[in-house]
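Structure at a glance
Here is how the chains run, residue by residue.
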Amino acid sequence: MSAALTLANLDHLDRLLPLVAAFHAEAGIETSEQQRADGITPLLEGSPHGAVYLIGPPRAPIGYIVVSFGWSLEFGGMDGFVDELFIRPGVRGRGVASEVLIALPRALADVGLKALHLEVSKENASAQRLYTRAGFGLRTGYHLMTRTF
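Since we're looking at a predicted model, the values are computed, not measured. (Residues numbered from 1 in each chain as written. Predicted model: local features only at pLDDT ≥ 70, side-chain atom pairs only at ≥ 80, totals over all residues. Heavy atoms only, no water.)

Spatial strand order, β1-β2-β3-β4-β5: 5 strands in an open sheet with mixed pairing. Pairing within the sheet leaves two strands with one partner each, and these edge strands are β1 (5-7) and β5 (115-117). Strand-to-strand twist across the sheet, computed as the mean angle between neighbouring axes with direction ignored, equals 30°. Of the pairings in the sheet, the one linking strand β4 (residues 77-87) to β5 comprises 3 bridges and is parallel in character. Paired with Gly 80 across the bridge in β5 is Leu 116. (Pairing = 2+ DSSP bridges. Helix = DSSP H or I, 4+ residues; strand = E, 2+ residues; numbered from the N terminus. Axes fitted to C-alpha atoms, helices over the stretch in contact; angles between N-to-C directions.)

Next comes the structure, spelled out in structure tokens:
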């Protein structure tokens, strides 16, 4: 199974939206088709705030990953946050997500990324093992806190 990454653009929107809908349904995220399109389209148009990568062959992707970009004095420059990572259920467990999480930071380091962050449910032990294998670690003494508007 190939974890090849392709930077997505507007030509990929029709292939991405069903994957995003599947992820949101699986994760219990309630969004409409319009909300999903509105959220992903600026990234496909080249917004500097993030990027979407197709996983696998662009004509028939097996998943996607979305990274949002920010700036961190602590880490000395641009950092990223894995907003969403989805692999089709039928191809999970074959090491694809591990490959993606190892390859993506290497590629983004070439453009100046200093740190990559993600969040994981305390109850999702398999995802925690995946992220640990890919080099992510808990930040002792820190909790992700969110305020929505």
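And the narrative resumes.
The next point concerns the packing of aromatic side chains. Counted by the stated rule, this structure contains 3 aromatic pairs. Ring centres 6.0 Å apart and planes at 65° place the aromatic pair Phe 23 and Phe 86 in the edge-to-face group. With a gap of 63 residues between them, Phe 23 in helix α1 (residues 13-27) and Phe 86 in strand β4 connect regions that are remote in the sequence. Residue classification places Phe 86 among the buried residues on the basis of a relative accessible area of 3%. When the centroid spacing of 6.2 Å and the interplanar angle of 40° are considered together, the rings of Tyr 64 and Phe 86 count as tilted. (Phe/Tyr/Trp six-rings, centres within 6.5 Å; stacked < 30°, edge-to-face > 60°. Buried < 20%, exposed > 50% of the residue type's maximum accessible area, 1.4 Å probe, protein only.)

In short, shape yes, function no, at least from these values alone.
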